[in-house]
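Each chain is listed here by its residues.
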Amino acid sequence: DGRKWQPFANGIGTNSAVYINCVHTWDSDGAGPLPAQLIIGGHFAIQGNYIERWDTATQDWAALGLGMNNDLRCLTTWDPDGNGPIQPQLIAGGDFTMAGGTIVNCIARWDGSNWQPLGTGVRDTRGGYRPYVAALAIYNGELIAGGQFIKAGGVTANHIAGWDGTSWHPLGLGMNAWALAITVHNGELIVGGTFTAVGGVSTYGLARWDGTTWRPLGSGMNDAVGALAVYNGELIAGGGFTTAGGASANCIAR
């Protein structure tokens, strides 16, 4: 509340296996009169099967349709036509293969009434890992998804892909391992993860995409980057690293 932590209603469960991975505010009508909704996703099956919204009228958690069949890892809002008539859509990514009873393969959109697929979603991995979407962002009007996958919509994408509203496409050659965090800084898409090369260029854990080409950010980190944000105009990275660009950083750097 600005001074101290308070419980949020009755929480979401007391079992140690229950956890929340992502918290997001979604405004279903953009600049319209409806208030923004608080959305949570993670590993829980209390009411909404891995995703729920806070209902201000009942002061309780409520489901969004039938929910998912496995964990959520990330949430974002995407407005396909900017100021056009299409309302902003809630996008969810994670380990799930189904949303609202429909096959979606790790990524889905909520149109206000139902869960919808984005093409055929993402699939295929290296080393037999289960595919998942770990991070979402909006860049140049497109939805960007990163995670542990090789294909998006049947097209080879190597852990990161863009959705233009109709189809998936790769971002160059992608990366050689997982993309775990995405943000936008100074007009470029910034991606963090476990990779050691992106677009054929050597870089550890951090890279930038200018719309056509991948480039490193300095000499990168000595371990994975799992979180990114922009603060006071600077890029902030968090993860398991102890050096950033050769300087001591201890898990967080700018």
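See the structure above.
These numbers come from a predicted model, not from an experiment.

Novice: Please clarify how the packing of aromatic side chains should be interpreted in this entry.
Specialist: Any pair of aromatic rings gets described here by the distance separating the centres and the angle formed by the planes. Inspection of the entire model under this criterion finds eight aromatic pairs. An angle of 90° between the planes, with centres 4.9 Å apart, marks the rings of Phe8 and Trp54 as edge-to-face. Of this pair, Phe8 sits in the segment before β1 (19-26) while Trp54 is found in strand β3 (residues 51-55), placing the two residues 46 residues apart along the sequence. Overall, Phe8 belongs to the partly exposed group, its relative accessible area being 41%. Judged by relative accessible area, Trp54 falls into the buried class, the value being 11%. Taken together, a centroid distance of 5.4 Å and an interplanar angle of 90° make the contact between Tyr129 and Trp178 edge-to-face. Here the residue Tyr129 occupies a position in the loop between β11 (122-123) and β12 (132-139), and Trp178 occupies one in the loop between β17 (168-170) and β18 (179-185), the gap between them amounting to 49 residues. Tyr129 sits in the partly exposed class, given a relative accessible area of 48%.

Novice: Looking at this model, I keep getting lost on the pairing of strand β4 (residues 60-63). Mind explaining?
Specialist: Two faces, one strand: in a regular strand the side chains alternate between the faces of the sheet. Across four bridges, the pairing between β3 and β4 is antiparallel. Note that in β4 the partner of Trp54 across the bridge is Trp61. The antiparallel pairing of β3 with β4 creates a hairpin that spans four residues between the two strands, and Gln59 there sits at a positive phi of about 55°.

Novice: Please explain the pairing of strand β6 (residues 89-94) as it appears in this structure.
Specialist: With respect to burial, β6 is a largely interior element, six of its six residues being buried. Across the two faces of β6 the burial is the same, with Gln89, Ile91 and Gly93 and Leu90, Ala92 and Gly94 all buried. Here strand β5 (residues 72-78) pairs with β6 via six bridges, running antiparallel. When the bridges of β6 are listed, Trp78 appears paired with Gln89. Bridging between β6 and strand β9 (residues 107-110) involves four bridges; their strand directions are antiparallel. Across the sheet, the residue bridging to Ile91 is Arg109, located in β9.

Cut-offs applied
Here, residues in each chain are numbered from 1, in the same order as that chain's written sequence. Confidence filtering applies because this is a predicted model: local features only for residues at pLDDT of at least 70, side-chain atom pairs given and counted only at 80 or more, and all residues used for totals across whole chains, interfaces and linings. Side-chain metrics in this entry use all non-hydrogen atoms of the structure; hydrogen atoms and water are not considered. Two aromatic rings from Phe, Tyr or Trp, using only the six-membered ring of Trp, form a pair when their centres are within 6.5 Å; if the ring planes differ by under 30 degrees the pair is stacked, by over 60 it is edge-to-face, and anything between is tilted. Each helix is a run of DSSP H or I of at least 4 residues and each strand a run of E of at least 2, with the numbering of both proceeding from the N terminus. We call a residue buried when its accessible area falls under 20% of the maximum for its residue type, exposed when it is over 50%, and partly exposed in between, using a 1.4 Å probe and counting protein chains only. Here a strand pair is declared whenever DSSP counts at least two bridges between the two strands.

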